[in-house]
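Chain residues, written in single-letter form:
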Amino acid sequence: MATATIRIDVWSDYVCPVCYIQLPVIKQLAHELGPRASLVWHAFELRPEPVLVPDPDAEEPGDDWSREAFPMASLRQIVPRRPVGQPPSRKAFEMAAFARERGCFDTVHEALFRAYFEEGRDIGEEVVLLELAQELGLDTDALKQAIDTGLYLEDLFADRQLAETLDTSVLPVICIRPASQLLDEAICLRGSVEFETLRRAVAPILQAA
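Remember, it's a predicted structure, so these values are computed and weren't measured experimentally.

Participant: So what's going on with the sheet that holds strand β6 (residues 187-190)? Residues and values would help.
Facilitator: With respect to topology, 4 strands assemble into an open sheet ordered β2-β1-β5-β6, the strand pairing being mixed. At either margin of the open sheet sits one strand with a lone partner, and together these are β2 (37-43) and β6. The average angle at which neighbouring strand axes cross in this sheet is 20°, direction not considered. Bridge count between strand β5 (residues 173-178) and β6: 4 bridges; the pairing is antiparallel. Paired with Cys175 across the strands is Cys188, a residue of β6.

Participant: Break down the confidence of the model for the protein chain for me, with residues and values.
Facilitator: The share of residues in the protein chain with pLDDT of 70 or more is 86%, and the mean pLDDT across the chain is 89. Counted against residues more than four places away or in other chains, residues 56-62, with its pLDDT under 50, gives 8 contacts.

Participant: Run through the packing of helix α3 (residues 90-101) against helix α4 (residues 105-117), naming residues and quoting values.
Facilitator: For any two helices packed against each other, the geometry is given by the interaxial angle and the distance between the axes. Where α3 contacts α4, the axes come no closer than 8 Å and their chain directions differ by 160°. Considered as vectors, α3 and α4 are oriented roughly antiparallel to each other. Regarding α3 and α4, the two cross each other, and that crossing is right-handed. Contacts from Ala92, Met95, Ala96, Ala99 and Arg100 of α3 reach α4 at Phe105, Val108 and Leu112.

Participant: Go over the side chain of Arg177, please, and point to the residues and values.
Facilitator: You can see Arg177 is positioned in strand β5. A polar atom in the side chain of Arg177 sits 2.7 Å from the backbone oxygen of Gln181. For Arg177, the residues in contact, after removing those within four places along its chain, are Thr5, Ile6, Arg7, Asp9, Leu182, Leu183, Ala186 and Ile205.

Participant: Hey, could you go over the pattern of salt bridges for me, with residue numbers and the actual values?
Facilitator: Using the criterion set out here, one finds 11 salt bridges in the structure. Between Asp9 and Arg7 there is a salt bridge, and its shortest N-O distance comes to 2.9 Å. Its relative accessible area of 26% is what places Arg7 among the partly exposed residues. Notably, a salt bridge pairs Lys144 with Asp148, separated by 3.1 Å at the nearest N-O pair. Placement of both Lys144 and Asp148 in helix α6 (residues 140-149) is noted, with a separation of 4 residues, approximately one turn of the helix. When its relative accessible area of 47% is taken as the criterion, Asp148 is described as partly exposed.

Participant: Requested: an account of α4, with residues and values cited.
Facilitator: Taking 1.5 Å per residue, 13 residues should reach 18 Å; α4 reaches 18 Å between its end C-alpha atoms and fits that length. Within α4 the residues assigned to the buried category are Phe105, Val108, His109, Glu110, Ala111, Leu112, Phe113, Ala115, Tyr116 and Phe117.

Participant: Please set out the side chain of Gln22 residue by residue, giving values where relevant.
Facilitator: Within the element layout of this structure, Gln22 appears in helix α1 (residues 17-33). Among all residues touching Gln22, those that are not within four sequence positions of it are Arg76, Pro172, Ile174, Gly191, Ser192, Val193 and Leu198.

Calculation criteria
Residues numbered from 1 in each chain as written. Predicted model: local features only at pLDDT ≥ 70, side-chain atom pairs only at ≥ 80, totals over all residues. Heavy atoms only, no water. Pairing = 2+ DSSP bridges. Helix = DSSP H or I, 4+ residues; strand = E, 2+ residues; numbered from the N terminus. Axes fitted to C-alpha atoms, helices over the stretch in contact; angles between N-to-C directions. pLDDT = per-residue confidence, 0-100. Contact = heavy atoms within 4.5 Å. Parallel < 35°, antiparallel > 145°, perpendicular 65-115°, else oblique. Left-handed = near helix turned anticlockwise from the far one by under 90°. Polar contact = N/O pair within 3.5 Å; in protein donor to acceptor, adjacent residues only side chain to side chain. Salt bridge = Lys/Arg side-chain N within 4 Å of Asp/Glu carboxyl O. Buried < 20%, exposed > 50% of the residue type's maximum accessible area, 1.4 Å probe, protein only. Expected span 1.5 Å × (residues − 1).

And the structure:
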């Protein structure tokens, strides 16, 4: 198998609408690059405690969902719901880490975004995550034990510590670099980024390889 020449690190949160809307663009880049790139998703909890958000039926003049998120999602053929609450995402990240260890990270990663933004499910609740895991064919007993014992918390905290060297005021953070270079040498892009912008960022690395 060919060794990847490009490393792409992405910090995101399952309750961040822009992270969800950016997902298909990052997937498109990874698909185009194929084995030339290594894509690694990292956990970044925006708000460890639950947060209420405005009524989904409200029409506020300054509403970011109506002004930005919904139009952006429409362009990328995504149909999200506006959530009525923002649960803590730590347990969802633990489920993703569980899936990574079993070789099905991508499936679970996307399912968690869909569960929250399209199906309106509270992914902060363990029982909801176990229901989702059952639907995806995961071992729910093993997942429950992993969450209850905090098996993957060290990995989550390591992701957070690594992100301390970056500006994470806007998510997702997408860092692109030659696979042989350190993170502090990466080109980092934030928030909603068009596919062509990502493509331009990787072009010099491909040319130099």
